[in-house]
Amino acid sequence: MNRLTSVSDMEKLQKELASRNQPERPVVTLCQGTGCKAYASGKIYKAFEKELALRGLTQKVSLKSTGCHGFCEQGPIIVILPEEICYCRVKPEDIPEIVEKTLVEKKTVDRLLFTDPVSGEKFAHESEIPFYKYQRRVIFGKNRLVDPQNIEDYIGLEGYSALAHAITRLNPEKVLLEVKKANLRGRGGAGFPTGIKWETTRNAPGEKKYVIVNADEGDPGAYMDRSLLEGNPHLVLEGLAIGAYAIGAREGFVFVRQEYPLALENINKAVQQAKEYGLLGKNILGSGFDFDVTVKRGAGAFVSGESSALISAIEGSAGEPRPKHVNAAVSGLWGSPTSLNNVETWANVPLIMNKGAGWYGSIGSDKNPGTKIFSLVGKVNNTGLIEVPLGTPLRNIIYDIGGGIKDGKKFKAVQTGGPSGGCIPEQHLDVPVDFDRLSQMGSMMGSGGMIVMDEKSCMVDVAKYFMQFLKEESCGKCISCRAGIKEMHEILERITLGEGCEKDLEQLTDLAWITENASLCALGRTASNPVISTLKYFREEYKAHIREKHCPAGVCKALIHYSIDPERCNGCGRCQKVCSVEAVEGEKGAPISINNDFCIRCGICQEACRFNAVMVE
Amino acid sequence: MDKKTIDRVIEKYQGNPQEILEMLLDIQEELRYLPKEALSCLAEKLNMPVAKLYRIAKFYEALSLKPMGDCQVHVCTGTACHVRGASRILDELGHQLGIKPGEVTPDQSFGLKTVNCVGACALGPVVVVNGEHHGDMAALKVNKLIKQYAGDHKQKKKKHA
């Protein structure tokens, strides 16, 4: 491939790629994201290759590896184009049948279609599946059409057109104005207007300026940044390059967690390919604009995702936050003005440039334009990555897209915003989800994790879980954060052990206030949210732990005991076999019992029981 | 420890001290942990206080100053995995392997660690062994998982011998 040296070079390539496109030719797209890979989608690709070769169809059918489609729970996922026939949970041994029936006979393999867990209805086409039907996938949708390791796939879908247009036809001020007009807000969680951040960096004194992609996605329960970087890395790079042009930066960094090996592989490949094609580097498309990108790895420190900490990490120090008397936009990386944005924020930029701020503003709600990708996970039927306009009510997300709560259980709360967020109870399910409303409810957007909890989730345990998490992740610089979180964790630990007292709740509130108000960075300032929100909405559950020494959800080990319902037990002995401490007593064939003196409450007997006979109280 | 590893890594990053984290990650990838000698050697060659390297190595969860197991088991304890029972799986793994998180079995065949989130939340609870993801885990599946890797490990060792 020759380097593209002008816009007409790129348009020529786009035309050539379009002419190669045969809309009638069947394309089998296979998700090769981390989720589907865990379910052996690599083997499925090989099985397809083999089967197509065996039947002499290699020249007639295209096979394409794509990034994450979002419906990870149903993986491995295959979509056959142009009909968009979607098969879920495919196994390598299903491939001959799929080739025979769908590619040759043009029929569907019914048993591999998605079956709605509530209604039992089957859906043949991807767009009809409720999980997809109620979404608006303007950013994430291209993942399923693009092979992330092939830049031509992206270019063929008008990729890099927004960059080409911006750097050859618009001046940087105009680009900046468009992003400002679109009122794009930072998708990393705080929702700060991106255009204003860029403007500050642009106007800050200093020759050298930097742009950074924050892909140190540390919020547990959120993985949209991984899937974007893995599935459509060029979209992020294009956004980054446009931003660099608007700001006046010539150098950019992508900082990725090392826990995301595939994202690292794909973004590294994408940078290399973009350089080969002349879309990064010197004099991009003959415009005179130079821009280079380096990929850096994080190493598993949650706090490093904080902007000033991430900058320290890139500079080669431990990734600890710094006081922000002067903002990074003015004095960031090596003291130079730096604009740092989240992966998803950068991915929004090409779209704004292509379709205009007016179009962008037509999606979403008033002060929250555009869409947001959420990871809808936990105790919900359809789990995966979803994209909806900002302002969509939680209820629509959880019930229409998510298909409601798993196993017919009752909804209890949804946790948003990662460890800095809070738990939102049922009475607020109709509130539209946007940056401002979530904050008003004592939670926050965070990077978009949405963990659904049912009646079997203990809210005191959840609060304790986050304090444990933050206790380990606090860098220790501020005493309010270092000691405040530790103290809150200890109190919560006591409550879950049944050793709590009434005064603990007051003390938790006080500690939460101090931690929030006396800490330097966002980690400490928002660390109390899980405690405050659960205390606010689930105080009764705290009281049950304290007064009655009872865990209503049956989670806190010290407050529960297992027993066996003799009516349901048929004495099959399965639980006896798996119990590692020999706490299950009785003869095979007759109802058995659990000796609570030995029981370590691991719950494995309940998992093993096929008759729902093991009860928790 | 082979000093050539350190030289190779330094050369890859042209001895740039700003690339220290990348260097440590690369060294760990090759040696599977960061031995004392490797840190001293790196510090000397980069003309950097060894304390700075220790500080970085201790700060980042992914860097390890202790040898890891031949089969390194990472239990994801992200929120989505937590609400779906990750702690049960961690307990069961610890129980069956006879070690606590952060430890390695005496024969070094298995190491157990927790990881905050591997970003495979829809498959939770997730366990990652030597980079391979196992979704939808349950305490009941722990025994089979250990056996599978113990078997693979034995075979590999045999081949090696």
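Residues numbered from 1 in each chain as written. Chains lettered and ligands numbered in written order. Predicted model: local features only at pLDDT ≥ 70, side-chain atom pairs only at ≥ 80, totals over all residues.

## Brief notes about the overall build of chain B
Looking only at helices and strands, one finds seven helices and four strands in chain B. Scanning chain B from its N terminus toward the C terminus, one meets helices and strands in the order α-α-α-α-β-α-α-β-β-β-α. With the C-alpha coordinates aligned to their principal axes, the bounding extent of chain B is approximately 50 × 40 × 25 Å. The 161 residues of chain B split such that 42% are buried. (Helix = DSSP H or I, 4+ residues; strand = E, 2+ residues; numbered from the N terminus. Buried ≥ 20, exposed ≤ 12 C-beta atoms within 10 Å, placed from the backbone.)

## Quick word on the interface of chain B and chain A
Contact residues are listed per partner, giving 40 residues for chain B and 47 residues for chain A. Every element with two or more residues in the side of chain B that touches chain A is listed here: α2 (20–31), α4 (50–59), α5 (79–83), α6 (86–97) and β4 (132–134) of chain B. The class makeup of the residues in the side of chain B that touches chain A is 21 nonpolar, 12 polar and seven charged. (Contact = placed C-beta atoms within 7 Å. Nonpolar A, V, L, I, M, F, W, Y, C, P; charged D, E, K, R; others polar.)

## Side note on the sheet that holds strand β16 (residues 422–425) of chain A
All names here are of chain A. Spatial strand order, β14-β13-β17-β15-β16: five strands in an open sheet with mixed pairing. The sheet is open, and its two borders are formed by β14 (384–389) and β16, each paired with just one other strand. Strand-to-strand twist in this sheet, taken as the mean axis angle between neighbours without regard to direction, amounts to 30°. Where strand β13 (residues 371–378) meets strand β17 (residues 449–454), four bridges bridge the pair, whose relative direction is parallel. Bridging across to β17, G378 finds its partner in V452. (Pairing = 2+ DSSP bridges. Axes fitted to C-alpha atoms, helices over the stretch in contact; angles between N-to-C directions.)

## Quick look at α6 of chain B
Residues and elements named next belong to chain B. In a regular helix each residue adds 1.5 Å, so 12 residues correspond to 16 Å; α6 covers 16 Å between its end C-alpha atoms and thus fits that length. With nine of its 12 residues buried, α6 lies for the most part within the structure. Two residues or fewer after α6 comes G98, characterised by a positive phi angle close to 75°. (Expected span 1.5 Å × (residues − 1).)

## Section: the sheet that holds strand β10 (residues 338–342) of chain A
Residue and element names in this part refer to chain A. If you trace the four strands from one edge of the open sheet to the other, you get β9-β8-β7-β10, paired in parallel fashion. Edge positions in the sheet fall to β9 (292–298) and β10, since each has one partner strand and no second. With direction set aside, neighbouring strand axes in the sheet form an average angle of 20°. Relative to β10, strand β7 (residues 210–215) is paired through five bridges, and the arrangement is parallel. From the neighbouring strand, Y210 faces β10, where its bridge partner is T338.

## A closer look at the packing of helix α1 (residues 3–12) of chain B against α2 of chain B
All names here are of chain B. Where α1 meets α2, the closest approach of the two axes is 10 Å, and the angle between their N-to-C directions is 145°. The two elements α1 and α2 meet at a crossing, and its hand is right-handed. Contact residues: T5, I6, V9, I10 and K12 in α1; M23, D26, I27, E30 and L31 in α2. For the contact of α1 with α2, a count of residues per class yields six nonpolar, one polar and three charged. (Left-handed = near helix turned anticlockwise from the far one by under 90°.)

## Concerning the pairing of strand β3 (residues 78–81) of chain A
Residue and element names in this part refer to chain A. The pairing of strand β1 (residues 27–31) with β3 spans four bridges and is antiparallel. Bridge pairing links T29 to V79 in β3. Looking at chain direction, β3 and strand β4 (residues 85–87) are connected through three bridges and run antiparallel. Each residue of the ladder has a partner; that of V79, found in β4, is C86.

## Some remarks on helix α3 (residues 36–46) of chain B
Residues and elements named next belong to chain B. The complete set of buried residues in α3 reads A38, L39 and L42. End-on view of α3: buried residues confined to an arc of 95°, all on one side of the axis. Pointing more than 90 degrees away from the buried face of α3 are the exposed residues K36, E37 and E44. Buried positions along α3 lie against α1, α2 and α4. (Arc of directions from axis to C-beta.)

Scope: geometric values only; no functional claims are made or implied.
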